[in-house]
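Breakdown of the fold
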Amino acid sequence: MGTETELKLNIAPEAVADLRQHPLLATAPRRQHLTNTYFDTNDLALARQKIAVRERQVNGHTLLTVKTAGESLEGLSRRREWEAPTSPGTFDFRTLVDDAPLASALMAVARQLVPVFTTDFERLSWRIPVYHSDIEVALDRGVIQAKRYGRQGQAPLCELELELKSGDVTALSLLAARLQTQVSLQPTDESKAARGYALFHALGQ
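Residues numbered from 1 in each chain as written. Predicted model: local features only at pLDDT ≥ 70, side-chain atom pairs only at ≥ 80, totals over all residues. Heavy atoms only, no water.

**Quick word on the overall build of the protein**
The secondary structure content of the protein amounts to 6 helices and 10 strands. A globule of 205 residues ought to have a C-alpha radius of gyration of about 17 Å, and the protein, at 17 Å, matches this closely. Once the C-alpha set of the protein is aligned to its principal axes, its extents read approximately 50 × 40 × 35 Å. Excluding contacts between residues fewer than 6 apart, the proportion of contacts in the protein whose partners are at least 24 apart in sequence is 65%. (Helix = DSSP H or I, 4+ residues; strand = E, 2+ residues; numbered from the N terminus. Rg over C-alpha atoms; globule rule 2.2 N^0.38 Å. Contact = heavy atoms within 4.5 Å.)

**What about the pairing of strand β3 (residues 51-58)?**
It is a general feature of regular strands that their side chains alternate between the two faces of the sheet. A large share of β3 lies buried, amounting to 7 of its 8 residues. In this structure, strand β2 (residues 30-40) lies alongside β3, joined through 5 bridges in antiparallel fashion. Within β3, the position partnered with T37 by the bridge is E55. One ladder, built from 8 bridges, connects β3 with strand β4 (residues 61-68); its direction is antiparallel. The partner of R54 across the bridge, within β4, is T65. From the end of β3 to the start of β4, which pair antiparallel, there are 2 residues, and N59 there has a positive phi angle of about 55 degrees. (Buried < 20%, exposed > 50% of the residue type's maximum accessible area, 1.4 Å probe, protein only. Pairing = 2+ DSSP bridges.)

**Looking at helix α5 (residues 170-179)**
Of the positions making up α5, those classed as buried are A171, L172, L175, A176 and L179. Along α5, the residues classed as buried sweep out an arc of 140 degrees about the axis, all on the same side. Check the buried side of α5 and you find it contacts β1 (2-10), α1 (16-20), β6 (76-85), β7 (114-130), β8 (133-148) and β9 (151-166). (Arc of directions from axis to C-beta.)

**So, the pattern of salt bridges**
Taken as a whole and judged by the stated rule, the model has 19 salt bridges. A salt bridge links E4 to R79, with the shortest nitrogen-to-oxygen separation between them at 2.7 Å. Of the two residues, E4 sits in strand β1 while R79 sits in strand β6, which places them 75 residues apart along the sequence. Across this residue pair, the class does not change: E4 and R79 are buried. (Salt bridge = Lys/Arg side-chain N within 4 Å of Asp/Glu carboxyl O.)

Structural data, given as structure tokens:
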């Protein structure tokens, strides 16, 4: 189990070109196409517990991820996270999750899990040293999509994530301040999962 510590920032699509001109992002980024399916029970039992279960397709591989709610304030969040390679549709939570009560609770609903929404985006990422810390900067642009009651909906996705890989958490705000000299970045506590569930609920209204 790991703890994900990140600062999430909204950025206007028209500001991306200016952000890419920042000296800290001068090196060529790592480029990935990520498609993600979020699963829950028909009555959204996981959402009520603020647990996210996700399958991610990247570079021909499938990863199973479980995240818990954690804490989020002014864009800075800390949450527990488990991730490992898997086969599509294989929810082996006992192997993945080292928290026995959580693993058991997830296994109890594993056969009930169905797709709820997807995210499909391009990620450009950089590793930047700041204040004796290692930070991954990830620029995500794409869409969130959901289907419900025969209706389909989608929402645009354009955000910047600063994830602390090692070091001091204060380095995240220091890096954000440096990047904000180039463009306007707005902290947000709304995760991709939260936005996906919001879209899903909107389709039922």
